Amino acid sequence: MRRSVLHRQHGKQGGGGAKGIYAKLTIAVVVLLICTLSLLFSATIGGNRGSLEPSDINAEELWESAKSGGWRPSSAPRSDWPPPPRETNGYLRVRCNGGLNQQRTAICNAVLAARIMNATLILPELDANSFWHDDSGFQGIYDVEHFIQTLKYDVRIVESIPEIRKNGKTKKIKAYQIRPPRDAPISWYTTVALKKMQEQGAIYLTPFSHRLAEEIDNPEYQRLRCRVNYHALRFKPNIMKLSESIVDKLRADGHFMSIHLRFEMDMLAFAGCFDIFNPEEQSILKKYRKENFAEKRLVYKERRAIGKCPLTPEEVGLVLRAMGFDNSTRIYLAAGELFGGERFMKPFQALFPRLENHSSVDSSAELVTNTQGLLGSAVDYMVCLLSDIFMPTYDGPSNFANNLLGHRLYYGFRTTIRPDRKGLAPIFIDRENGRTAGFEQAVRRIMLKTNFGGPHKRVPPESFYTNSWPECFCQVSTKNPADKCPPDNVLEILDSQLENEVTSDPEALAETNSTSRTER
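Worth saying up front: this structure is predicted, and the values here are computed from it rather than measured.

## As for the overall build of the protein chain
In terms of regular secondary structure, the protein chain is built from 22 helices and 14 strands. Counting over 520 residues, the protein chain shows a buried share of 48%. For the protein chain, long-range pairs separated by at least 24 residues make up 78% of all intrachain contacts whose partners lie at least 6 apart in sequence. Here the protein chain displays about 26,400 Å² of accessible surface, and carbon together with sulfur accounts for 52% of that area.

## Here we look at the pairing of strand β10 (residues 257–260)
Residues of β10 alternate between two faces, with Met257 and Ile259 on one and Ser258 and His260 on the opposite face, all of them buried. Bridging between β10 and strand β11 (residues 331–334) involves 4 bridges; their strand directions are parallel. Of the residues in β11, the one forming a bridge with Ser258 is Tyr332. Judged from the 4 bridges that link them, β10 and strand β13 (residues 389–392) form a sheet pairing that is parallel. Each bridged residue has a counterpart across the sheet, and for His260 the counterpart in β13 is Pro392.

## Considerations on the pattern of salt bridges
Enumeration according to the criterion identifies 23 salt bridges in this entry. A salt bridge links Arg227 to Asp154; the shortest N-O distance between them is 2.8 Å. Of the two residues, Arg227 sits in helix α8 (residues 219–232) while Asp154 sits in the loop between α6 (144–150) and β5 (156–158), which places them 73 residues apart along the sequence. A single burial state applies to Arg227 and to Asp154, both of which are buried. Arg304 is paired through a salt bridge with Glu432; the nearest N and O atoms lie 2.9 Å apart. Linking Arg304 in helix α12 (residues 300–305) with Glu432 in helix α19 (residues 421–432), this pair joins segments that are 128 residues apart in sequence. With relative accessibility at 51%, the residue Glu432 sits in the exposed group.

## Focus on the sheet that holds β10
Spatial strand order, β12-β11-β10-β13: 4 strands in an open sheet with parallel pairing. Only two strands of the sheet have a single partner each, and these edge strands are β12 (355–356) and β13. In the packing of helix α17 (residues 374–386) onto the sheet, contacts are made with β10, β11 and β13, and the angle to β11 comes to roughly 145 degrees.

## Digging into the state of the cysteines
Under the criterion given, the structure shown has 3 disulfides. Between the sulfur atoms of Cys226 and its disulfide mate Cys472 the distance is 2.1 Å. Note on the Cys226 and Cys472 pair: the S-S dihedral is about 95 degrees, so by sign convention the disulfide is right-handed. Remark: Cys472 occurs in the loop between α20 (439–447) and β14 (473–475) and Cys226 occurs in helix α8; sequence separation between them is 246 residues. We classify Cys472 as buried; its relative accessible area is 0%. Across the disulfide from Cys474 sits Cys485; the S-S distance is 2.0 Å. Here Cys474 and Cys485 share a disulfide; its torsion about the S-S bond, 85 degrees, makes the bridge right-handed. Of this pair, Cys474 sits in strand β14 while Cys485 sits in the loop between β14 and α21 (490–503), placing them 11 residues apart in sequence. Grouping residues by exposure puts Cys474 and Cys485 together as buried. Sequence-ordered numbering of the disulfide-bonded cysteines in the protein chain gives the connectivity 1-4, 2-3, 5-6.

Calculation notes
Residues numbered from 1 in each chain as written. Predicted model: local features only at pLDDT ≥ 70, side-chain atom pairs only at ≥ 80, totals over all residues. Heavy atoms only, no water. Helix = DSSP H or I, 4+ residues; strand = E, 2+ residues; numbered from the N terminus. Buried < 20%, exposed > 50% of the residue type's maximum accessible area, 1.4 Å probe, protein only. Contact = heavy atoms within 4.5 Å. Areas by Shrake-Rupley, 256 points an atom, 1.4 Å probe, with all protein chains shown as cover. Pairing = 2+ DSSP bridges. Salt bridge = Lys/Arg side-chain N within 4 Å of Asp/Glu carboxyl O. Axes fitted to C-alpha atoms, helices over the stretch in contact; angles between N-to-C directions. Disulfide = S-S within 2.5 Å.

These values are about where atoms sit, not about what they do.
Here you go:
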C-alpha cells in the first residue's frame, strides 16, 4: 500500500494521462489486495469452523492406532553394552511399596540401579500388604523365569541372597538397610550406596518408590528401563490367559474402549474436590485426606476452575458423546469402588449402557475372590493395554494411567483419549450454570488440541514412564544416528558377548546349562 501511495504522488507530477493510468493501477492493486485478504480471512474462518464440526474428530478413525511418523518401538542397546561381569560388587535387595504400577516402576529402577552399581539383584519384594492387603508377591504376579532370562544381558538376578561358607561355617549375608533419598541421582548409587555394598556385601533399600531420578542423560540406561517394563515384566500365564479371554469376549462384537474411571475416594480426597458430595460424604473425604495427605488449603471452585478435579462419570460420557461416540459403544471400566455410588454412575450409564468390568465379563472364582487385589489390577492393566482405545479420566498422580499411556505408546501408538481437564473446566462450569449453547462444539475444539497416542516430545511434568519417546523408539531411515534402529542381529551380538563372559566362568557356565535344560 505504501508503494501505491508513492505511485500516486509521482503521477501528480507527470500530467493527466499518466495520472489516469496510475489511478487505474492503484484501484487494481487495492481490489487485488482486498480479494486476497478476503480469501485468507475466509480460509481462516472456514478452518476455525471446521475445527468445531464433528467431522474433524472422526470417531471411526480413532479405533485405529495413531500415526507413527516412521517410528517404531526399540529398546535394544545401540552402543557397546557389555554383559554383567563375573564378579559383582555385592547384592542389592529392594522393597517396592505402593500399588501394582508404582511397584512396576520401582522394579525398573531396581534393575537399573543394579546395573549402575554392578550388583547382583535379589528378586524385588512387593510390599502388597500396605496397599492391597494382598500378599501375592513378585512370584504370584510375574513370570519369574521370563524376567531373569530376558535381563540376562543386563544384570545378574537371583531369587534370594545365597549363603556363604566362612571358616568352615555356613551363614547368610545380612543386607545393610538404607533409606534412599527420593529421586536420587546416579551419583548417590555410585558413591553412598556402592560404598555400603562393598563394605557389607549386601544392601537393602527400603522403601523403593521413586528412589531413582527419571530424567537421566544416558539413552542406554533409559532403554534398559524400557526392556524391563515392556519385555521382562510379564504377568504369570494364568493372568495372561484370563486377560486375553476377557479381551476376546469384549471384541466378539467389534471394537471396545477401556476407561480408567478414577472417581475414587483416595483421588477425590487428594484433589480436594468435596463440594459436589453430601455432608456425610464430605466428612469421609476430609477425614481420609487428613489421615493420608499433608495439610493444605483447598478451595473447590478454584481447584475445579484449573482442572484439578477428576472428571465425574457424567462428564466423561459427555466428552465421548461430543467426540462422536454413540450409545452402541462397548466400554470396559477399570476402576476401584466409585465414591458416591449409583447416583454418579446413572447419567453415564444412560449415555453408554454397554458397560463392562472384569467381573461382569468373566465371573470365574479366581477373579471374584481377588477383584480388588493385585490379580484384579493386573487383569485390568492387560485389558486396558489391549483395548482399541484407552481413556484415563485422571492422569495426574495415577500410576495405573501413566504406565498404561507409556505402554500403549510403545505397543504401537495405540489410541488414547486424554481429556484436557483444565481446558474443559470452564465449558462444564458454563453448562452447570445453564449456558449450554455450543457445548459439544466447545468440547471438540479442546479435544482437537490433545494428543491421541502418536509420538510426541516429553515435556515436564510428563513422566518417562508415560512417554519414553524418543529414547525407546527408532527409525529405519533417518539422518540422525541417535534415532537409527539397531542392527537386526543385535541379539546375536549380545549372546556372543554373554557366551564369552560365561565360558570364562565355570560356575556361571554350569548355571547357564542348567537354565537351558529347564527351558527345553
